Amino acid sequence: MNRRLLWYLVLLTSMSVVSFFSLINYVSSEAESEMSLLSEESKNTLKQWGQVAESYYSSQDVMGLEQWLAELQYKHSVWAAVVEHQTKQIAGGQEGGEYYRGYNLGRNIDWQIHLYFHENPIMELPFSEGNTSFLIRLPDNMRPGSYWQTTKVILQLVFPLVFLSVLSLIIYRHIMRPLLLLKRATSDFSAGNFDVRVSNKMQSEHEEFRQLATTFDGMATRIGEQLVAQRQLIGDFSHELRTPLTRLDIAIENLCNTQTDEVSLSRITKETHIIRHLVEDTLTFAWLENEHKRMGDESYDVVDLLDSIIDDARFEFPTHIVNTLLPNDCVVENSNHRALGPAIENIVRNALKYSPTGSTVEVSVKKTLTNIAIEVCDQGKGVETHQLEAIFQPFFRLDNARRPNSDSFGMGLALAKRQILSIGGTVYAQNRAARNTQVTGLIVTIHLPLR
Ligand SMILES: Nc1ncnc2c1ncn2[C@@H]1O[C@H](COP(=O)(O)OP(=O)(O)OP(=O)(O)O)[C@@H](O)[C@H]1O
Ligand SMILES: [Mg+2]
């Protein structure tokens, strides 16, 4: 299965999370180094104090220096002193003159201050003569990075939280958009709108969602068609049932008026027979239509089956001629004669019913390696080309079958089609005129797999 959505999510989350945290890291270290430097104002003040100390020191006014330092310490609550560097070499380091010159007792005012240390550092301002410095513990009011803690919380907590929430929202919306479309379509469908489809609205979505949409559309089409067909079936069924019931009512009324009425009695018998026939056909059709089960665990000879159907037909329609062109035998496997028998029976009976007296009906079987074709061909008027498919719909009848008192409901071919489908075959009708324009009549062909 195509996993484009998975790769999209993996790339989106990993790339954005890694880039975001690298950026946060960079911004944090930049902010920290920027915030750990002394302000220009603090540096200038410290430099000034260094110069004052140096002037006392140069003029050798030790008392003055002492007094000034005492005032400074008191005023700013800090420790301050003027000290001479006395590095005493104990052993080694003979070549380290450079090092002794660069040696510092405190921090240079241009260096960064460690923001994590609680104690303020000692700052050093060296005098020009090189061996003496003014040292002072950095006063609290000069300590840099007063906003560092807040900045740290914002950068390391608030920003990631906001970022991850936005990222989750983007992913959520990305997944929810097609799901919402599906949800809406499902609600519309359950509210009775069987025409709702989603594939066309999901063209820009990921493959996974497009597949889901195609499955939904397939399901909607199939269930929609089934529901519409069932409604139609029930509507037609009730309509067909009404006619024999009305005739039954009249016959019963007549019977009530006269003590013995043989005509009414035979009418009642006929109408109840019609109603039973109608109910049985409709229920079998509804069962076959809904079950979609493949029926077939039987092997039988189609020629034997046809022989018995044709014998019955010849007996029932003595005014017609039934010719056959059959092989000696033709065994089909994984089939069901209870499904094929009634289907062929109806097609043969139609051919005889809808063709003139004295005409010929031909039944033939052609066998190939993989399937067989059963053809029933008559010399009637045939069916208009645009209605060749419609005759397989339930309760569909042409004018030739709409005679009053006719016991034809238009269920025979509908049933035959479902019965043949249930054993893996197909059936279709064509006019003889399509093969030979000189003759009229209908040819109904059944194709069956041999195995
Ligand atoms: N061989 C044919 N020639 C001409 N019209 C036909 C032929 N077979 C079927 N038809 C037409 O197709 C319609 C549907 O046939 P179908 O067998 O389904 O119903 P029916 O014969 O009218 O009734 P039922 O079979 O339920 O008793 C028929 O009413 C008839 O108008
Ligand atoms: Mg029929």
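Residues numbered from 1 in each chain as written. Chains lettered and ligands numbered in written order. Predicted model: local features only at pLDDT ≥ 70, side-chain atom pairs only at ≥ 80, totals over all residues. Heavy atoms only, no water.

Quick word on the overall build of the chain
Okay, so step 1: Scanning the chain from N- to C-terminus turns up ten helices and ten strands.
Okay, so step 2: For the chain, whose C-alpha radius of gyration is 51 Å, the value lies well above the compact-globule estimate of 22 Å for 451 residues.
Okay, so step 3: Across its three principal directions, the C-alpha atoms of the chain cover 155 × 60 × 40 Å.
Okay, so step 4: By sequence separation, contacts in the chain at least 24 residues apart represent 69% of the contacts at least 6 residues apart.
Okay, so step 5: Carbon together with sulfur atoms contributes 55% to the accessible area of the chain, which is approximately 27,900 Å² in total.
Okay, so step 6: Averaging the locations of the 42 positively and 53 negatively charged side chains of the chain gives two centres separated by 6 Å. (Helix = DSSP H or I, 4+ residues; strand = E, 2+ residues; numbered from the N terminus. Rg over C-alpha atoms; globule rule 2.2 N^0.38 Å. Contact = heavy atoms within 4.5 Å. Areas by Shrake-Rupley, 256 points an atom, 1.4 Å probe, with all protein chains shown as cover. Lys, Arg positive; Asp, Glu negative; His and termini not counted. Charge placed at Lys NZ, Arg CZ, Asp CG, Glu CD.)

Examining the pattern of salt bridges
Side-chain pairs of opposite charge can arise whenever the charged atoms involved come near each other.
Okay, so step 1: Considering all chains together, one arrives at eleven salt bridges under this definition.
Okay, so step 2: A salt bridge links Glu119 to Arg137, with the nearest nitrogen and oxygen atoms 3.8 Å apart. Taken together, the residues Glu119 in the loop between helix 4 (97–101) and strand 2 (122–126) and Arg137 in strand 3 (residues 132–137) connect sequence positions 18 residues apart.
Okay, so step 3: For Glu119, a relative accessible area of 60% gives the class exposed.
Okay, so step 4: The salt bridge partner of Glu375 is Arg435, with a shortest N-O separation of 2.9 Å. Separated by 60 residues along the polypeptide, Glu375 in strand 8 (residues 371–377) and Arg435 in the loop between strand 9 (426–431) and strand 10 (442–449) bring together distant segments of the chain.
Okay, so step 5: The exposure class assigned to Arg435 is partly exposed, which follows from its relative accessible area of 49%.
Okay, so step 6: Overlapping salt bridges bring together Glu40, Lys43 and Asp110 as one network. (Salt bridge = Lys/Arg side-chain N within 4 Å of Asp/Glu carboxyl O. Buried < 20%, exposed > 50% of the residue type's maximum accessible area, 1.4 Å probe, protein only.)

A few points about unusual backbone geometry
Okay, so step 1: Its identity is not glycine, yet Ser77 carries a phi of approximately 50°, on the positive side.
Okay, so step 2: Position of Ser77 among the secondary structure elements: in the loop between helix 3 (62–76) and strand 1 (80–84).
Okay, so step 3: Look at Ser77 and you get exposed, because its relative accessible area is 65%.
Okay, so step 4: The backbone of Asn334 sits at a positive phi, close to 45°, despite the residue not being glycine.
Okay, so step 5: We classify Asn334 as partly exposed; its relative accessible area is 40%.

Points about the domain arrangement of the chain
Okay, so step 1: Considered domain by domain, the chain is made up of domain 1 (40–86 + 95–144), domain 2 (192–292) and domain 3 (294–449).
Okay, so step 2: A C-alpha centroid distance of 117 Å is found between domain 1 and domain 3. (Domains from an automatic or database assignment.)

Some remarks on the packing of helix 1 (residues 4–35) against helix 5 (residues 148–190)
Okay, so step 1: Contact geometry for helix 1 and helix 5: axes closest at 11 Å, N-to-C directions at 165°. As far as their axial angle goes, helix 5 and helix 1 are roughly antiparallel. The two elements helix 1 and helix 5 meet at a crossing, and its hand is right-handed. (Axes fitted to C-alpha atoms, helices over the stretch in contact; angles between N-to-C directions. Parallel < 35°, antiparallel > 145°, perpendicular 65-115°, else oblique. Left-handed = near helix turned anticlockwise from the far one by under 90°.)

Structural notes on the coordination of the magnesium ion (ligand 2)
Okay, so step 1: Each protein donor to the magnesium ion (ligand 2) is listed here as Asn346 (OD1) and Asn350 (OD1); together their distances run 2.2 to 2.6 Å. Here Asn350 and Asn346 lie together in helix 9 (residues 337–353), a separation of four residues that amounts to about one turn. (Donors = N, O, S within 2.8 Å, 3.2 Å for Na, K, Ca; no water.)

Structural notes on the sheet that holds strand 8
Okay, so step 1: Within the open sheet, the five strands sit side by side as 5-7-8-10-9. Their pairing is mixed. The open sheet has two edge strands, strand 5 (321–325) and strand 9, and neither has a second partner. The sheet shows a mean angle of 15° between the axes of neighbouring strands, taken without regard to direction.
Okay, so step 2: Here strand 9 runs beside strand 10; their pairing, made up of six bridges, is antiparallel. Considered in strand 10, the bridge of Gln430 is made with Ile443. (Pairing = 2+ DSSP bridges.)

Points about empty space enclosed by the protein
Okay, so step 1: Going through the model one piece at a time under the given rule, you end up with one cavity of 30 Å³ or more.
Okay, so step 2: Taken together, Ile309, Asp312, Ala313, Glu316, Phe317, Glu345, Val348 and Arg349 form the lining of the largest cavity.
Okay, so step 3: Put simply, the parts of the chain that give the lining of the largest cavity at least two residues each are helix 8 (302–316) and helix 9.
Okay, so step 4: The class makeup of the residues in the lining of the largest cavity is four nonpolar, no polar and four charged. (1 Å grid on protein atoms, 1.4 Å probe; cavity = no way out; pocket = protein on both sides within 12 Å on 5 of 7 lines; lining within 4 Å. Points joined across faces, edges and corners; volume = space filled by probe spheres on them. Nonpolar A, V, L, I, M, F, W, Y, C, P; charged D, E, K, R; others polar.)

Some remarks on the side chain of Ser133
Okay, so step 1: Of note, Ser133 is situated in strand 3.
Okay, so step 2: Excluding residues that lie within four positions of it along the chain, Ser133 makes contacts with Ala81, Val82, Val83, His85, Glu124, Leu125, Pro126 and Phe127.

Comments concerning the layout of surface pockets
To locate leftover empty space, one rolls a probe as large as a water molecule over the atoms.
Okay, so step 1: Put simply, the largest pocket is a space of about 1,000 Å³.
Okay, so step 2: Those elements that place two or more of their residues in the lining of the largest pocket are helix 7 (262–291), helix 9, helix 10 (412–422) and strand 10.
Okay, so step 3: With eight residues, helix 9 is the largest single contributor of residues to the lining of the largest pocket.
Okay, so step 4: Taken together, the residues of the lining of the largest pocket sort by class into 19 nonpolar, eleven polar and ten charged.

Some words on a negative patch on the surface
Okay, so step 1: A cluster of acidic side chains, namely Asp304, Asp307, Asp311, Asp312 and Asp329, defines a negative patch on the protein surface.
Okay, so step 2: Along the chain, the position of Asp304 falls in helix 8. (Patch = residues over 30% accessible without salt bridge, like charges linked within 9 Å, V, L, I, M, F, W, Y side chains within 5 Å.)

Details of helix 2 (residues 40–58)
Given 3.6 residues to a turn, an α-helix orients residues that are three or four positions apart in the same direction.
Okay, so step 1: Helix length check: helix 2, at 19 residues, gives a terminal C-alpha distance of 26 Å against a target of 27 Å (1.5 Å per residue), a fit within 8%.
Okay, so step 2: The complete set of buried residues in helix 2 reads Ser42, Lys43, Leu46, Trp49, Gly50, Ala53 and Glu54. Looking straight down helix 2, one finds its buried side chains confined to an arc of 140°; they lie on one side. In helix 2, the exposed positions angled more than 90 degrees off the buried face are occupied by Glu40, Glu41, Gln51 and Ser58.
Okay, so step 3: Buried residues along helix 2 sit in contact with helix 3, strand 1, strand 2 and strand 3.
Okay, so step 4: Just beyond helix 2, the residue with positive phi is Gln60, at close to 55°. (Expected span 1.5 Å × (residues − 1). Arc of directions from axis to C-beta.)

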